[in-house]
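Architecture at a glance
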Amino acid sequence: MKTIGLISANYGSSEFGALLKDRSLASLPYGGRYRLIDFELSNMANAGITTVGVIAPTNSGSLVDHIGVGNPWSLARKKGGLFVMPGSIYGMQKSGSRFLMRDLLMCSNFFIKDDADFVIMSGSSDVCNMDYEPIIKAHAESGKPITMVYKKVPRGEEFHGYFLDIDENGKVNGINTESFGWSNYFADTFIINRKYMIDFMNWYRSLEYMDMIEIIKDNISTIDIGTFEFRGYLGKIKNPWEFLKVNQAMTDYDIRNEVFCNPERLIYTKAQDEAPVFHYPDADVRNSVISAGCRIEGRVENSVIFRSCHIAKGAVVRNSVIMMHGTIGEGAVLDNVIADKYVTINPGVKIYGGEREPVIIGKNQSI
Amino acid sequence: MKKKKMLAMLLAGGQGSRLYSLTNNIAKPAVSFGGKYRIIDFGLSNCVNSGIDTVGILVQYKPLVLNRYVGTGESWDMDVPDGGVHILPPYAGKSGGEWYEGTADAIYHNIDFIDMYSPENVLILSGDHIYKMNYNLMLEEHVANNSDLTVSVIEVPWEEASRFGIMTADNEGNIVKFSEKPKEPDSNLASMGIYIFKWDTLRKALLEDHENKDSSHDFGNDIIPKLLAEGRKLTVYRFAGYWRDVGTVQSYYDSQMDLMDDVENIDVFTGDMKVFSNSNVFPPQYLGREANIRNSLVCNGCTVYGSIKHSILGSGSVVLDGTVIEDSIILPNAWVGRNCRITRAIINEGAVVEDNTVIGDAEGDIQVFGETKLSI
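Residues numbered from 1 in each chain as written. Chains lettered and ligands numbered in written order. Predicted model: local features only at pLDDT ≥ 70, side-chain atom pairs only at ≥ 80, totals over all residues. Heavy atoms only, no water.

1. As for the overall build of chain A
So the rule is basically this: Only DSSP runs of H or I reaching four residues or more are called helices, and only runs of E reaching two or more are called strands; each is numbered from the N terminus. Put simply, the radius of gyration uses C-alpha atoms, and a globule should come to 2.2 Å times the residue count raised to 0.38. For every residue, the accessible area obtained with a 1.4 Å probe (protein chains only) is divided by the maximum for its type, and the residue is called buried under 20%, exposed over 50%, and partly exposed between those limits. The contact definition used throughout considers only heavy atoms, calling two residues in contact when any of these lie within 4.5 Å.
A count of helices and strands for chain A gives nine helices and 28 strands. Its C-alpha radius of gyration of 21 Å places chain A within 12% of the 21 Å reference for a compact globule of 367 residues. With the C-alpha coordinates of chain A rotated into their principal frame, the extents come out at 65 × 50 × 40 Å. Across the 367 residues of chain A, 62% fall into the buried class. Of the contacts made within chain A by residues no fewer than 6 positions apart, 59% connect residues no fewer than 24 positions apart.

2. Section: the overall build of chain B
Rules: We get accessible surface area from the Shrake-Rupley algorithm with a probe of 1.4 Å; when it comes to residues, only the shown protein chains can shield them. By the counting rule applied here, Lys and Arg register as positive and Asp and Glu as negative, while His and the ends of each chain are not counted. Where a charge sits is defined by one atom per residue type, namely NZ (Lys), CZ (Arg), CG (Asp) or CD (Glu).
Secondary structure assignment for chain B yields eight helices and 30 strands. For chain B, whose C-alpha radius of gyration is 22 Å, the value lies close to the compact-globule estimate of 21 Å for 376 residues. Counting only C-alpha atoms and orienting by the principal axes, one finds that chain B spans roughly 65 × 45 × 40 Å. For chain B, buried positions account for 58% of its 376 residues. Of the roughly 15,500 Å² of accessible surface on chain B, 46% is carried by carbon and sulfur atoms. Taken together, the 33 basic and 51 acidic charged side chains of chain B have centroids lying 3 Å from each other.

3. A word on the pattern of salt bridges
Test applied: Definition used for salt bridges: Asp or Glu carboxyl oxygen within 4 Å of a side-chain nitrogen of Lys or Arg.
Within this structure, the stated rule accounts for 34 salt bridges over all chains. We note a salt bridge from Arg299(A) to Glu301(A), for which the minimum N-O separation is 2.5 Å. Here Arg299(A) falls in the partly exposed class, since its relative accessible area comes to 37%. Connected through salt bridges with shared partners, the residues Asp148(B), Lys204(B), Glu208(B), Lys226(B), Glu230(B) and Arg232(B) form a single ionic network.

4. Description of the nonpolar core
Definition in use: Among buried residues, the Ala, Val, Leu, Ile, Met, Phe, Trp, Tyr and Cys ones that are joined through side-chain atoms within 4.5 Å form a nonpolar core.
Ranked by size, the top nonpolar core spans 69 residues in total, and within it Ile57(B), Tyr135(B) and Tyr252(B) carry the most contacts. No other element matches helix H8 (residues 249–261) of chain B, which puts six residues into this core. Excluding residues that lie within four positions of it along the chain, Tyr252(B) makes contacts with Leu19(B), Leu22(B), Val31(B), Ser32(B), Phe33(B), Ile39(B), Val246(B), Leu331(B) and Ile346(B). Core analysis: the next-biggest nonpolar cluster, separate from the first, contains 43 residues, Val343(A), Cys302(B), Ala334(B) and Cys340(B) among them.

5. Quick notes on the packing of aromatic side chains
Operational definition: Classification of ring pairs uses Phe, Tyr and Trp, with its six-membered ring standing for Trp, and accepts pairs whose centres are within 6.5 Å; under 30 degrees between planes counts as stacked, over 60 as edge-to-face, and the remaining range as tilted. Here, over-ring charges are defined by two tests on the NZ atom of lysine or the CZ atom of arginine: distance to the ring centre within 6 Å, and angle to the ring normal within 35 degrees.
All chains considered together, the criterion is met by 26 aromatic pairs over all chains. Measuring from ring centre to ring centre gives 5.8 Å for Phe110(A) and Phe111(A), while their planes differ by 80 degrees; the resulting arrangement is edge-to-face. Taken individually, Phe110(A) and Phe111(A) each receive the classification buried, so the pair is uniform in this respect. A ring pair is formed by Tyr196(A) and Phe200(A), whose centres lie 6.4 Å apart and whose planes are at 45 degrees; its orientation type is tilted. One end of the pair is Tyr196(A) and the other is Phe200(A), both in helix H6 (residues 194–203) and four residues apart, which spans about a single turn. Here Tyr196(A) and Phe200(A) have matching classes, each one buried. Members of the aromatic cluster, joined through ring pairs, are Tyr30(A), Tyr34(A), Phe39(A) and Phe260(A). Taking NZ or CZ as reference, Arg38(B) lies 5.3 Å from the ring centre of Tyr69(B), over its face.

6. Topic: the sheet that holds strand E16 (residues 288–290) of chain A
Going by this rule: For two strands to count as paired, DSSP must find a minimum of two bridges between them.
With mixed pairing, the 10 strands of this open sheet are ordered in space as E28(A)-E25(A)-E22(A)-E19(A)-E16(A)-E16(B)-E19(B)-E22(B)-E25(B)-E28(B). If you trace the sheet from one side to the other, it starts and ends with strand E28 (359–361) of chain A together with strand E28 (352–353) of chain B, each paired once. Inspection of the sheet shows strand E22 (residues 321–322) of chain A paired to strand E25 (residues 337–339) of chain A by two bridges, in the parallel sense. Pairing of Val321(A) across the sheet is with Ile338(A), part of E25(A).

7. Re the confidence of the model for chain B
Going by this rule: Note on scores: pLDDT gives the predictor's confidence for each residue, bounded by 0 and 100.
In this model, chain B carries a mean pLDDT of 93, and residues with pLDDT of at least 70 account for 100%. Listed scores for the predicted complex are pTM 0.93 and ipTM 0.91.

8. Considerations on empty space enclosed by the protein
All names here are of chain B. Operational definition: The pocket and cavity definitions rest on a 1 Å grid over protein atoms only: a 1.4 Å probe that fits but cannot leave marks a cavity, an open set with protein on both sides within 12 Å along at least five of seven lines marks a pocket, and residues lining either have an atom within 4 Å of a point. Grid points are joined across faces, edges and corners, and a volume is the space filled by probe spheres set on the points. Note on residue categories: nonpolar means Ala, Val, Leu, Ile, Met, Phe, Trp, Tyr, Cys or Pro, charged means Asp, Glu, Lys or Arg, and polar means any other residue, Gly included.
All told, the structure shown has one cavity of 30 Å³ or more when counted by the stated rule. The volume enclosed by the largest cavity comes to roughly 30 Å³. Contributing to the lining of the largest cavity are Ala104, Asp105, Tyr108, Leu206, Asp209, His210 and His217. Elements with a minimum of two residues in the lining of the largest cavity: helix H3 (103–108) and helix H6 (199–211). Its residues assigned to classes, the lining of the largest cavity shows three nonpolar, two polar and two charged.

9. Description of the interface of chain A and chain B
Which entries qualify depends on this criterion: Each of two parts loses accessible area, computed with a 1.4 Å probe, when they are put together; buried area is these two losses added.
The interface of chain A with chain B comprises 37 residues on the first partner and 35 residues on the second. Between chain A and chain B, the buried area comes to about 2,800 Å², and carbon and sulfur atoms account for 49% of it. The largest per-residue losses of area from chain A upon contact with chain B belong to Asp273(A), Pro276(A) and Phe278(A), which jointly make up 24% of the total buried on that side. One can count one salt bridge joining chain A with chain B. The residue Asp273(A) makes a salt bridge to Lys36(B) at a minimum N-O spacing of 2.6 Å.

Structural data, given as structure tokens:
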């Protein structure tokens, strides 16, 4: 069954401060060399999906620069390929709405002109290596118009998002925004019959200010929705603390193997082609992820260092994320810090963030 | 199409037999270098950094990895519509086919290819040298001198001159003599195997040389002496900088160590004349809680739990805990188990080193361990 993909990148979050000043969550740098949207683009590519639409945010500079014409995901094609479509200005204002009807209506041609059976739709801010093929298969077999993907999570109260009431036949009976204990957390991913999607947009055209999931929630008794349980790692990033945690998850052996080192489903990203990391004689790196092009002379622990950073002699970086081209001066100490691109920390400067409240240093800052 | 000032022909067909098991399965230019590069990256990157966008790569020996690696040339920004990278294997014609029988013969068989672009000059390169060079500066001299052939030379110590092809030049830089590995050299200018020919001169020489039954069809042995005898204008271009032939295991080892130890001369880290590569998609390296990495180069995709001193870990290689690696080069995708000791050794691409293995020691020749395992 032919499936095309649609990724919503037109949303941000008010919780990230300087990190999302000029970008949407989709293009937030992650994991040393990635941007968050890489995971969805790779999941689509790895399922053999060759037509992918991306709803771009109004501040789309960093996103467009990163995904280009879609080469890393084999989307620079004659037939199908990558379609970057402008989203509405409301996307970045309404905090966190993934599937805003206004955005979907604006790109209705994407659904109309293709002849695919299904559209797999997703957000662009979760870290996961999700195999879409069994989801597409299950959806095709179910005959239902929509299949929602969820993950069972132990403490629903700590999650923000939607939770699914699922009956014994796997049908969604209700969608809630609050939950306690073990819950079925909606993974911002669903698959919908393309023709049903076109009908849906016609039916609810007047509710363009709403999120599509909200509309489904309000009309749940009239829509037959199936479910698919995702059992893999789902790194959700809704605030800086989660961002730090999900970065550090890369140091976990199982997560690293599942998400990043699965030879059948690699995570692709824009190639930068930096030199190998130079560990100097005094370097001391423990339990950390270091990206190409870095020069390490100091200490790094439980941290993620992006490409082309310089950690000078005597500097200590702990529990932190340093994005590309960061310069950490001699004797500087960083603990629980998230530094955006091109940050300079001058020699001897010490910055300590709280464990749940990392200090954020904006792009190009020198401290 | 705009007429090309210069097209490059990169000789990449050699076996590199003195690299032993490193080239059992792959051509020498495709051998891994410096963790994430392959030897051919230096030549190809020099081309793109010199503004050359059309390169013919002459392949013959075990070209599979090389062909795949070069691909469309996209990694070197050479996927351009009116040029690009062309893999040129030997091929059959109406009267049958032949292998390339020498460096000049390889070019002879591709005269039609070069004619398609009809460039003013042709740059001949070897795909097995480590150096950074702007060929444009050489071309400028070549054009200013109105030379038929310009040979890039480098000064070598007099005592080593007898190991090289030596150019003897007059005060104006005109070549008066070429001697291959002379016992008593009268010059210390070694040919780097980098030539810029006027295409019409080279074309004529190749056609004539092909008819000569006594010729070995080699640039050094046949074409250069022939042009000298004809009284053509042959000049030297003096290159000063890092240049290494990585023909032996020792020189292959030494020049990789130079990436760490001699950064001033061969710098792959800073932006000037960047060396590009077609690297696979790997996550950034992960270094474990007990890892201890000092004075080493480590690539994307590595997972390290052991101790690494003054060594190079290639992309995607794994080193487990209790293992100590010193003064060694672990090629891409190799896997080194627990409690191993590797000293002054090269672990082949994709090789597996079982737990508790000891390889190499502080004395003696550099050891090469394992067979190259081809994978994607």
